[in-house]
Amino acid sequence: MNTDARRRVEALRAEITRHDYRYYVLDDPEIPDAEYDRLMAELKALESAHPQLITSDSPTQRVAGAPSAAFGEVVHAVPMLSLENGFTDEDVAAFDRRARERLGVTEPLWYWAEPKLDGLAMTAIFRNGRLVQAATRGDGVRGEDVTANLRAIRAFPLSLSGDAPRLLEVRGEVFIPLDGFERMNREALARGEKAFVNPRNAAAGSLRQLDPAVTASRPLRVYCYGLGSLEGWEPPPLQSEVLGALKAWGLPICPHAARVRGVEGCIDYYRAMAERRARLTYQIDGVVFKVERLEYQSRLGFISRAPRWALARKFPAEEVLTRVEAIEWQVGRTGAVTPVARLTPKFVGGVTVSNVTLHNFDEVRRKDVRVGDTAVIRRAGDVIPELVRVLPERRPEGTVPVKLPERCPICGSEVIKPEGEAVARCTGGFSCAAQRQEAIRHFASRLAMDIEGLGEKLVEQLVAAGGVRSPADLYTLTVEQLQTLERMGEKSAANLHRAIERSKHTTLPRLLYALGIREVGEATALALARHFGELEPLIEAARSHPERVEEVADVGPVVAAHLHAFFIAPAHRELIDALRASGVTWEPLAVSAAALPLEGQTFVLTGTLPSMTRQEAQAALSALGAKVAASVSRKTRYVIAGADPGSKLEKAHALGIPVLDEAGLRKLLDAHRR
Ligand code: IVH
């Protein structure tokens, strides 16, 4: 006797029993279904290799959990079966082949194909058209009496319409549509309760309520898909016709079912539903194929607990378990420091996933993800894989909560996470390789130093070549060096060089904005420049007296803190010195508390401008104090019109309001900026 096998079998049984209890009794599963199926498959395989280990109480010997003692028991006159699962097209072909062989049919069979709803099975008995009893599936033989609760579901009829049979037992799935599920969870969280893990558990928890009033308040739905006991009715020959009859009696039927022909029809239906799945309003975990002809169904009969005439073709698992191998920190172009979990690679939702973003530090803390944890990862449709939760029950000893790094993993600068903000950032700016390219692109951009022709692609090349490590390096580039760049002829290199030279003469607001200090946009840069007049007094205040910076309109403690962090970093002092040394000059601004130049003027934008986005135009105007309104009136000072303007342009003409194109807008902006 293999004692290892015995031990493993016992361990698996204990674990499966525990999961059954959590799933069926507590409605609070710990692991994803795919993981449960894996445990069950392992147990089945061990038992078939060592049949002497099979016991009558093994979880493989029954279909599902025992009914809860809280409800009365119902014995199903016709047992409620389960379905055989298939995972590949080949499984579908084999199912079809076996069915045709048994029936002795050579031509393709017709199937009734329908979504496999992810809820819980119920059975309902109507006597003379009135709902008299309802039950859950339980273990397939005995279920729980949930009559009062099913009656509380508005989406299910209390009586049948038309000429109903003496006795009709219908079977179907109770489920919660996705929007209802989200609403329920939002409300549960707002009440400080735990959210439901998935719509199926929410449905199970809602149907199996001791107080039917609670069930009534939940967004439950039912789709009927089959029959149990019958009296006084001879069902029609086809499954599709049976469902047609149920529908005519007023029972809800899934609208996405279809008749399909042969294996090809089944496979096409599966593909179509897999593609549609993400857009459905309810959750499904596969599709079910049922032999259409009822006479064939009864000839095919059952094996163990499942009919030979039906197959569930399951979608690939969307949730699986894996291990968190490491948590690393990535630095983005804007300096955001983001945690990423490295995982033991697992196939989920059709792709292999080996790492997932954890978004930010607060998220890591909220989920309490630790290195060594077992985690549920999920990938549904084309959605980015996510770490849903970790299983504290499986946490190994000696793990520690994750800490935010104090230093940037790329450049070693300090990482700061402002109070109340989710995102932590590297303060390195230009000195951090991860941020260099973005920082230089911003420096050269139109509202900053305005280096014409120096766009994203060129900056990328200059940084990659290694020659440009800071914006000051731009001013050391020669025409010859620029000519070595991709697609850069003599003439364009000379033009670019001239543009770089021209940018040396700038204004203080532009320079301040160009430095890319966090939360110092155009308007703030202008306000700072107006308040301090020159750069040195601003630096001095930011470094030693941040409260003086807060005297500037619209500057609060957060911006003051960003300015402080920026100007105490030696790399930034060096940058400013290097800019000065290479000949960059900026005109001081007359200190004034005067109103902004366009204050009191209202602008209206219409159509698409050739090179500015609506946001850019709006930001530039607001920075100068202008108001941007949605509609034209007599009070409008200018209408800025681009391509395909709307009725606003007509109105402007009608009211005689001056209209500017992008060039005109630029001229106006420049006139006031300098
Ligand atoms: S037919 C004898 N049709 O899947 C046929 N079941 O794994 C038994 N289910 O307990 C069920 N959608 O809860 C059938 N369109 C569908 C279904 C469906 C979901 C569930 C049902 C059943 C389980 C079997």
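Up top is the structure these notes are about.
These notes cover the structure that comes with them. Model, not experiment: these values are computed from the prediction. (Residues numbered from 1 in each chain as written. Predicted model: local features only at pLDDT ≥ 70, side-chain atom pairs only at ≥ 80, totals over all residues. Heavy atoms only, no water.)

## Some details on the pattern of salt bridges
Rules: What makes a salt bridge here is a side-chain nitrogen of Lys or Arg within 4 Å of a carboxyl oxygen of Asp or Glu, nothing more. Secondary structure elements follow DSSP: runs of H or I of four or more residues count as helices, runs of E of two or more count as strands, with numbering from the N terminus. Only protein chains enter the area calculation, which uses a 1.4 Å probe; residues under 20% of their type maximum are buried, those over 50% are exposed, and those in between are partly exposed.
Under the definition given, this model contains 46 salt bridges. One salt bridge in this structure joins Glu42 and Arg8, with 2.6 Å as the shortest N-O distance. Within this pair, whereas Glu42 is found in helix H2 (residues 33-49), its partner Arg8 is found in helix H1 (residues 3-25), the two being separated by 34 residues in sequence. On the accessibility criterion, Glu42 (24% relative accessible area) is partly exposed. Taking the relative accessible area as the measure of exposure, Arg8 reaches 32% and is therefore partly exposed.

## Notes on the sheet that holds strand E23 (residues 602-606)
Counted only if it meets this: By this definition, two strands are paired if DSSP reports at least two bridges between them. Contacts are assigned to residue pairs with any non-hydrogen atoms lying within 4.5 Å of each other. Helix axes are fitted only over the stretch in contact, all axes being lines through C-alpha atoms; the angle between N-to-C directions runs from 0 to 180 degrees.
Strand order across the open sheet formed by four strands is E24-E23-E25-E26, with parallel pairing between neighbours. In this open sheet, the two edge strands, each paired with only one partner strand, are strand E24 (627-629) and strand E26 (659-660). In this structure, E23 lies alongside strand E25 (residues 636-641), joined through five bridges in parallel fashion. Opposite Val604, over in E25, you have Val639 as the bridge partner. Here helix H24 (residues 647-655) sits on the sheet and contacts E23, E25 and E26; the angle it forms with E23, its principal contact strand, is near 135°.

## Some thoughts on the site of the ligand
So the rule is basically this: For this purpose, a residue is taken to be near a molecule or strand whenever a single non-hydrogen atom of the residue falls within 4 Å of it. Distance and chemistry together define a polar contact, namely a pair of N or O atoms within 3.5 Å, with one atom able to donate a hydrogen and the other to accept it when in protein, and with adjacent residues in sequence counting only for side-chain atoms on both sides. For accessible areas, the Shrake-Rupley method is used with a probe of radius 1.4 Å. Any residue's cover is judged against the shown protein chains and nothing else. Put simply, Ala, Val, Leu, Ile, Met, Phe, Trp, Tyr, Cys and Pro go in the nonpolar bin, Asp, Glu, Lys and Arg in the charged bin, and everything else, Gly too, in the polar bin.
Around the ligand, the surrounding shell holds 14 residues, and the nearest of these are Glu114, Leu117, Glu173, Tyr225 and Lys290. Glu114 has a polar side-chain atom sitting 3.0 Å from a nitrogen atom of the ligand. About the coverage of the ligand: the protein hides 88% of its 520 Å² of free accessible area. Of all the elements, strand E3 (residues 110-117) adds the most residues to the shell around the ligand, at four residues. Considering only residue class, the shell around the ligand consists of eight nonpolar, one polar and five charged.

## Side note on the nonpolar core
Rules: To form a nonpolar core, buried Ala, Val, Leu, Ile, Met, Phe, Trp, Tyr and Cys residues must be joined to one another through side-chain atoms within 4.5 Å.
Ile451, Leu454, Leu474, Leu528, Leu535, Leu563 and Phe567 are the most contacted members of the largest nonpolar core, which totals 73 residues. Discounting residues that sit within four places of it in the chain, Phe567 has contacts with Leu515, Ile517, Ile539, Ala542, Arg543, Arg573 and Ile576.

## Digging into the sheet that holds strand E13 (residues 310-314)
As summarised here, the arrangement of the five strands in space is E2-E13-E10-E3-E9, forming an open sheet in which the pairing is mixed. The open sheet has two edge strands with one neighbour each: strand E2 (85-86) and strand E9 (258-261). Contacting E3, E9 and strand E10 (284-291), helix H8 (residues 239-248) crosses the sheet at an angle of about 55° to E3.

## Here's the deal with the packing of helix H12 (residues 433-444) against helix H13 (residues 456-464)
Convention followed: Roughly parallel means an angle under 35 degrees; roughly antiparallel, over 145; roughly perpendicular, 65 to 115; everything else is oblique. Note: crossing handedness is left-handed where the near helix turns anticlockwise from the far helix by less than a right angle, and right-handed where it turns clockwise.
One way to put it is that H12 packs onto H13 with a least axis distance of 9 Å and a crossing angle of 135°. The angle between H12 and H13 falls in the class oblique. When you trace H12 past H13, the crossing you get is right-handed. Between H12 and H13, the residues in contact are Arg436, Gln437, Ile440 and Arg441 and Glu456, Val459, Glu460 and Val463, respectively. Split by residue class, the contact of H12 with H13 holds three nonpolar, one polar and four charged.

## Side note on the packing of helix H3 (residues 89-103) against helix H9 (residues 262-276)
Packing of H3 against H9 leaves a shortest axis separation of 10 Å and a crossing angle of 145°. Crossing hand, H3 versus H9: right-handed. Residues Asp89, Val92, Ala93 and Asp96 of H3 lie in contact with H9, whose contacting residues are Val263, Cys266, Ile267 and Arg271.

## Overview of the packing of aromatic side chains
Going by this rule: Note on aromatic pairs: the rings of Phe, Tyr and Trp (six-membered ring only in Trp) are paired at centre separations within 6.5 Å, and the planes decide the class, stacked below 30 degrees, edge-to-face beyond 60, tilted for the rest. Whether a charge sits over a ring depends on NZ of Lys or CZ of Arg being within 6 Å of the ring centre and within 35 degrees of the ring normal.
For the structure shown, the criterion picks out 11 aromatic pairs. Centroid distance Tyr223 to Tyr282: 5.8 Å. Interplanar angle 80°. Geometry classified as edge-to-face. Of the two residues, Tyr223 is situated in strand E8 (residues 221-231) and Tyr282 in the loop between H9 and E10; the sequence distance between them amounts to 59 residues. Tyr282 matches Tyr223 in its accessibility class, with the two residues each being buried. Centroid distance Tyr270 to Phe315: 5.4 Å. Interplanar angle 40°. Geometry classified as tilted. Taken together, the residues Tyr270 in helix H9 and Phe315 in the loop between E13 and strand E14 (319-331) connect sequence positions 45 residues apart. Look at Tyr270 and you get buried, because its relative accessible area is 9%. A connected cluster of aromatic rings, assembled from ring pairs, spans Phe175, Tyr223 and Tyr282. Over the ring of Trp110 we find Arg259, and its NZ or CZ is 4.4 Å from the ring centre. Lying across the ring of Tyr638, Arg637 places its NZ or CZ 4.4 Å from the centre.

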